[in-house]
Amino acid sequence: AQTVTQSQPEMSVQEAETVTLSCTYDTSESDYYLFWYKQPPSRQMILVIRQEAYKQQNATENRFSVNFQKAAKSFSLKISDSQLGDAAMYFCAYRNPQGAQKLVFGQGTRLTINP
Amino acid sequence: GAVVSQHPSRVICKSGTSVKIECRSLDFQATTMFWYRQFPKQSLMLMATSNEGSKATYEQGVEKDKFLINHASLTLSTLTVTSAHPEDSSFYICSASYGGVTEAFFGQGTRLTVV
């Protein structure tokens, strides 16, 4: 079974600075999807960024980018120019493209932005 | 973008009664819907996967007779918590997906309190 591990329960960063959230996963599949979801206090899950495993190029979405290391099974999220609105729980997630296609989530990292 | 609406957002029920939570895909046909449970400050735990017109697939340890899932149409799935007890109090989240997309789309969640 696939597992996702986020080893940082909490992180904090100064506003306008850069922060990196870590995620590792375990799978025997070669084709899969990886995601970072944000859950603000409203608890609505918001997709931040996605990565297809077959793509070597790291995904970027404005201030958010990932460092995808397939061989190391690592998928970290970098947030540049941190803003107060970035404060939330961040979940790393894995999904198989075949079968049940369910999301497997990591434990989450609570990100605090210090003004 | 794809919108998933979950209702109600909050519900309080008496111990021993049943409560139904609805999950609707508003602008797409959801071939698969997922139900998650989230305890405070914890990650999302998948309860079951439902496909339209077929029985739900429950994760290990989830009581199928207690958490009844119905996916009667391509736009609606329901989770019924039967004979609710205080330990069933939690945050329940649904998500929906369809073929050809990599991501799942989340509802706003339902906070269930059993008194």
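One can find the structure itself at the top, above this paragraph.
All of the points below concern the structure found in this document. (Residues numbered from 1 in each chain as written. Chains lettered and ligands numbered in written order. Predicted model: local features only at pLDDT ≥ 70, side-chain atom pairs only at ≥ 80, totals over all residues. Heavy atoms only, no water.)

Regarding the interface of chain B and chain A
Heads up, the rule is: When checking whether two residues touch, look at their non-hydrogen atoms; a contact exists if any pair is within 4.5 Å. We define buried area as the total accessible area lost by two parts upon association, computed with a 1.4 Å probe and summed across both. In what follows, salt bridge is the name for a side-chain nitrogen of Lys or Arg lying within 4 Å of a carboxyl oxygen of Asp or Glu. Polar contact is defined as a pair of N or O atoms within 3.5 Å, subject to the rule that within protein one atom must be able to donate a hydrogen and the other to accept it, and that residues adjacent in sequence are counted only when both atoms are side-chain atoms.
In this complex, chain B contributes 22 residues to the contact, which on the side of chain A involves 20 residues. Taken together, both faces of the contact between chain B and chain A bury some 1800 Å²; the carbon and sulfur share is 49%. For the chain B face of the interface with chain A, the top three residues by lost area are Thr102(B), Glu103(B) and Phe106(B), together amounting to 33%. At the surface where chain B touches chain A, the tally comes to two salt bridges. Inspection of the chain B/chain A interface yields twelve residue pairs in polar contact (both at pLDDT 80 or more).

Comments concerning the nonpolar core
Worth spelling out the cut-off: For this analysis, a nonpolar core means a set of buried residues of the types Ala, Val, Leu, Ile, Met, Phe, Trp, Tyr and Cys, connected via side-chain atoms within 4.5 Å. Only protein chains enter the accessibility calculation, which uses a 1.4 Å probe; a residue is then buried when its area is under 20% of its type maximum, exposed when over 50%, and partly exposed in between. By definition, any uninterrupted DSSP run of H or I lasting at least four residues is a helix, any uninterrupted run of E lasting at least two residues is a strand, and each is numbered from the N terminus.
The biggest cluster of nonpolar side chains holds 27 residues, and the ones touching the most others in it are Val4(B), Trp35(B), Phe67(B), Ile69(B), Leu79(B), Tyr92(B) and Leu112(B). Contributing elements (two or more residues each) for this core: β2 (10-13), β3 (19-25), β4 (32-38), β5 (44-51), β7 (67-73), β8 (76-81), β9 (90-97) and β11 (110-114) of chain B. Setting aside residues no more than four positions away along its own chain, Phe67(B) makes contact with Arg37(B), Met47(B), Tyr58(B), Val62(B), Leu79(B), Thr80(B), Val81(B), Asp88(B) and Tyr92(B). In this structure, Tyr25(A), Ala88(A), Tyr90(A) and Ile113(A) belong to the second largest nonpolar core, which totals 26 residues.

Geometric descriptors of this kind do not, in isolation, establish any biological role.
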